[in-house]
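Tertiary structure, described
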Amino acid sequence: MNRIEARFELLKTAGKTAFIPYITAGDPTIARTREIVLALEKAGADVIELGIPFSDPVGDGPVIQEAMMRALETGITPGDVLELVKSVREASEVPILLFTYYNPILAVGEAEFARRAAEAGADGVLCVDLPPEEADTHKAALDAHNLCTVFLTAPTSTDARLALVAKQCTGFVYYVSRMGVTGEQAALANDLNTAVSRIKKHSQVPVAVGFGISKPEHAREVASMADGVVVGSAIVRMIGELGDTPEMAGKVGDFVQTLVEATKA
Amino acid sequence: MYALDELEQAYVSAQSDPEFQATLDSYRKNYIGRPTALYFAERMTEELGGAKVYFKREDLAHTGAHKINNALGQCLLAKRMGKKRVIAETGAGQHGVATATASALLGLECIVYMGSEDVERQKLNVFRMRLLGTTVIPVDSGSKTLKDAINEALRDWVTNVEHTHYVLGTVHGPHPFPLICRDFQSVIGKEARQQIFEAEGRLPNTLIACIGGGSNAIGLFYDFIGDENIRMIGVEAGGTEITPGMHAARFAGGVKGMLQGAMSYVLQDDWGQIGSTHSVSAGLDYASVGPEHALLHDDKRVEYTYASDSEALEGFKACARLEGIIPALESAHAVAHAMKVVPDMPKDDIVIVNMSGRGDKDVDQAMRFILPEESDKF
């Protein structure tokens, strides 16, 4: 059992919901990202979703896209992100899920990427633009190193597709609660409960919900229905606004703590 | 995936629907102006002193390029699927204009995404689209060109898929887009086959077409793929030189990768970040190429080469002065390659060059290179 699975087990026993913040590695710098990861852990985050910057992040909205561009402008590579994970591991055992597009994996090679990710101390990979239909070799490579594979399901996913996604997911299934790309929303989708129970019919692993969650009241509401709550753009926006400053990580941690408290309430 | 499955089903059903095909045929004939001519380029043939050169005149299709073949087909499909809104990406503006045109014809709402740099470079086409009732949205992200316009169109599509169809303009993107676009474009080769029989009583020896995403090339090639003796050549944009960022010759400088839902040859760095590209022609200025071309390349069925910016400009000039045809800068890459290889071909050989579009949109750009002193006067 790896760190992500162990954390969900623990939460299940305690009857609690996971809080999963997303951040983009290297925004504003690798050193600051390390500070943010540690601050998020301190704030009570259960799994950190760590984005590997990609030049063409087609699944992301403007906030995360801009964060990726800022990170890429510093010259950061996927190799640097894995080094960062290694350096976090010197100080922390917080579960880390790498969020990436497929082409950087393909460029390194599926098996080699899995080997390096495991060696660095990552716990799983969410490859956002790889359809689970095409993911057999990708999953086998990650399985071989005991890394979780997380895929997305959407409101339009058919039962047949939910079954396939569930089969390919370890750790958790990620439910995209509305159509579109990542980004904050004023209100949540209203059929969330039905959607989560529909996925649960097919899935043995926990279900986390993301896309469009930005406020503690959203987190509280989603936590009552799902096993995990993912917040990305609201956090990334804050990092972008505060920029490369010494107090940034602490402030981000304070904000995330309010989301964690709402999730665990 | 749901949207792609839905699209595939709708397309398969439309293909076997005689009424859909009859409507498409009627628009092709009466609206696009098909069949387009297969023209014997006599003076160019004389000048080059080798094989007989024919031009397949897609530049004479309505809106001035082959793009309308696909745009109209897909807009008809959108209407059949009950989608009232279509979106499209555009680089040089030709696909945007074609989609705006088909939308006006069929009464669909149309949104076109265009890199803000291309908006600046192609003001005339932006204005044309607006005249046709389309909303043009400049895209400020990334390199502010075609690739970024596609990203933005994909984002729109996944958000609004219930009532929106994405009219992808080339044989790229996720399945079934490359297949749908190829089928709608394959009318080019079907006509050329019949026309060359009428003119020469036999099949051609060589086909030459430029390749950005690759839709005009696959359109010409597709019907001839089974004729093993026919040589086919795809001409990419060689830019200023084959070093990263200075060209768009994916087969010369790219490796296999996945971009925007398709696995193909991609210009990228060692870590899989997509590379920047350059070409004098906006329509060829793209980091990847249609996946079916990657297959034809690996099967060695089609040869892929490139023409540089300056060779393309020479082709542009020669075509204008010898034939009275101002080609699109994209098509000028195919002409440039023909000028390179035709002189060494036997005189009784036949070459068909796909004149994929007309060059009115490019006169501004071309004049800066070809007639710099005149250009200064404007």
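Structure: above.
A brief report on the enclosed structure follows. (Residues numbered from 1 in each chain as written. Chains lettered and ligands numbered in written order. Predicted model: local features only at pLDDT ≥ 70, side-chain atom pairs only at ≥ 80, totals over all residues. Heavy atoms only, no water.)

1. Topic: the overall build of chain B
- From N to C terminus, chain B includes 17 helices and twelve strands.
- Compactness check: chain B gives a C-alpha radius of gyration of 19 Å against a globular reference of 21 Å for 378 residues, within 12% of the reference.
- With the C-alpha coordinates of chain B rotated into their principal frame, the extents come out at 55 × 45 × 45 Å.
- Relative to its 378 residues, chain B shows a buried fraction of 62%.
- In chain B, the share of contacts with a sequence separation of at least 24, taken over all contacts with a separation of at least 6, comes to 73%.
- Accessible surface, chain B as shown: approximately 14,300 Å² in total, 52% of it carbon and sulfur.
- With 37 positive and 51 negative side-chain charges, chain B shows a spacing of 3 Å between the two charge centroids. (Helix = DSSP H or I, 4+ residues; strand = E, 2+ residues; numbered from the N terminus. Rg over C-alpha atoms; globule rule 2.2 N^0.38 Å. Buried < 20%, exposed > 50% of the residue type's maximum accessible area, 1.4 Å probe, protein only. Contact = heavy atoms within 4.5 Å. Areas by Shrake-Rupley, 256 points an atom, 1.4 Å probe, with all protein chains shown as cover. Lys, Arg positive; Asp, Glu negative; His and termini not counted. Charge placed at Lys NZ, Arg CZ, Asp CG, Glu CD.)

2. Remarks on the interface of chain B and chain A
- Facing 22 residues of chain B, the contacting portion of chain A comprises 27 residues.
- Counting each side, the surface lost to burial between chain B and chain A is near 2,200 Å², with a carbon and sulfur contribution of 60%.
- In terms of surface lost to chain A, no three residues of chain B exceed Arg155(B), Met258(B) and Trp271(B), which account for 36% of the buried area on that side.
- At the surface where chain B touches chain A, the tally comes to one salt bridge.
- One salt bridge connects Asp56(A) with Lys147(B), and the closest N-O pair in it is separated by 2.8 Å. (Buried area = accessible area lost by both parts, 1.4 Å probe. Salt bridge = Lys/Arg side-chain N within 4 Å of Asp/Glu carboxyl O.)

3. Quick look at empty space enclosed by the protein
All names here are of chain B.
- In total, this model carries three cavities of 30 Å³ or more according to the counting rule given.
- Estimated volume of the largest cavity: approximately 370 Å³.
- In terms of lining, the largest cavity is formed by 30 residues, of which the most central are His66, Lys67, Gly283, Leu284 and Glu330.
- Where the lining of the largest cavity is concerned, the elements lending two or more residues are β3 (85-90), α5 (94-106), α8 (146-160), α11 (215-221) and α15 (329-341).
- Residues belonging to the lining of the largest cavity are distributed by class as follows: nine nonpolar, 17 polar and four charged.
- Considering only enclosed or pocket space, the second largest cavity measures out at about 160 Å³ in volume.
- Along the lines of polarity and charge, the residues of the lining of the second largest cavity split into ten nonpolar, five polar and three charged. (1 Å grid on protein atoms, 1.4 Å probe; cavity = no way out; pocket = protein on both sides within 12 Å on 5 of 7 lines; lining within 4 Å. Points joined across faces, edges and corners; volume = space filled by probe spheres on them. Nonpolar A, V, L, I, M, F, W, Y, C, P; charged D, E, K, R; others polar.)

4. Quick notes on the sheet that holds strand β8 (residues 207-210) of chain A
All names here are of chain A.
- The strand order β5-β4-β3-β2-β1-β9-β8-β7-β6 describes an open sheet built from nine strands, whose pairing is parallel. Each edge of the open sheet is held by one strand with a lone partner, namely β5 (148-150) and β6 (152-153).
- Bridge analysis of strand β4 (residues 124-127) against β5 gives three bridges, and the strand direction is parallel. Bridge pairing links Val125 to Thr149 in β5.
- Across the sheet, helix α7 (residues 136-143) is in contact with β4 and β5; its angle to β5 comes to roughly 150 degrees. (Pairing = 2+ DSSP bridges. Axes fitted to C-alpha atoms, helices over the stretch in contact; angles between N-to-C directions.)

5. Things to note about the layout of surface pockets
- Of the voids in this model, the largest pocket is the one considered here, and its volume is about 1,400 Å³.
- Lining the largest pocket are 49 residues, with Asp129(A), Pro131(A), Met1(B), Leu4(B) and Pro174(B) sitting closest to its centre.
- Elements supplying a minimum of two residues to the lining of the largest pocket: β6 of chain A together with α1 (2-15), α8, α9 (177-185), β10 (262-266) and α13 (291-298) of chain B.
- The biggest single contributor to the lining of the largest pocket is α1(B), with five residues.
- Split into classes, the residues belonging to the lining of the largest pocket amount to 30 nonpolar, nine polar and ten charged.
- Every residue lining the second largest pocket is counted, 16 residues in all, and those nearest its centre are Phe8(A), Glu9(A), Lys12(A), Val205(A) and Pro206(A).
- Of all the elements, helix α1 (residues 3-14) of chain A adds the most residues to the lining of the second largest pocket, at five residues.
- Considered class by class, the residues forming the lining of the second largest pocket number six nonpolar, four polar and six charged.

6. Topic: the pattern of salt bridges
- The final tally for this structure, using the stated rule, is 40 salt bridges over all chains.
- Note that Asp123(A) is salt-bridged to Arg89(A), the shortest N-O span being 2.9 Å. One end of the pair, Asp123(A), is in the loop between α6 (110-120) and β4; the other, Arg89(A), is in helix α4 (residues 78-89), with 34 residues separating them in the sequence.
- Residue Asp123(A) is classed as buried on the basis of its relative accessible area, which comes to 3%.
- Arg89(A) sits in the buried class, given a relative accessible area of 13%.
- The shortest N-O distance in the salt bridge between Arg193(B) and Asp227(B) comes to 2.8 Å. In this pair, Arg193(B) is assigned in helix α10 (residues 187-200) and Asp227(B) in the loop between α11 and β8 (231-239), connecting sequence segments 34 residues apart.
- The network of salt bridges with shared partners includes Arg3(A), Arg89(A), Glu93(A) and Asp123(A).

7. Describing the packing of aromatic side chains
- Counted according to the given criterion, the structure contains 14 aromatic pairs over all chains.
- Ring centres 5.3 Å apart and planes at 40 degrees place the aromatic pair Phe40(B) and Tyr54(B) in the tilted group. Pair noted here: Phe40(B) is in strand β1 (residues 38-40) and Tyr54(B) is in strand β2 (residues 52-57), with a separation of 14 residues, a long-range link.
- A relative accessible area of 26% means that Phe40(B) is categorised as partly exposed.
- Connected via pairs of aromatic rings, a cluster forms that spans Tyr22(A), Phe54(A), Phe99(A) and Tyr101(A).
- Lying across the ring of Phe40(B), Lys52(B) places its NZ or CZ 5.0 Å from the centre.
- Taking NZ or CZ as reference, Arg57(B) lies 5.8 Å from the ring centre of Tyr39(B), over its face. (Phe/Tyr/Trp six-rings, centres within 6.5 Å; stacked < 30°, edge-to-face > 60°. Lys NZ or Arg CZ within 6 Å of the ring centre and 35° of its normal.)

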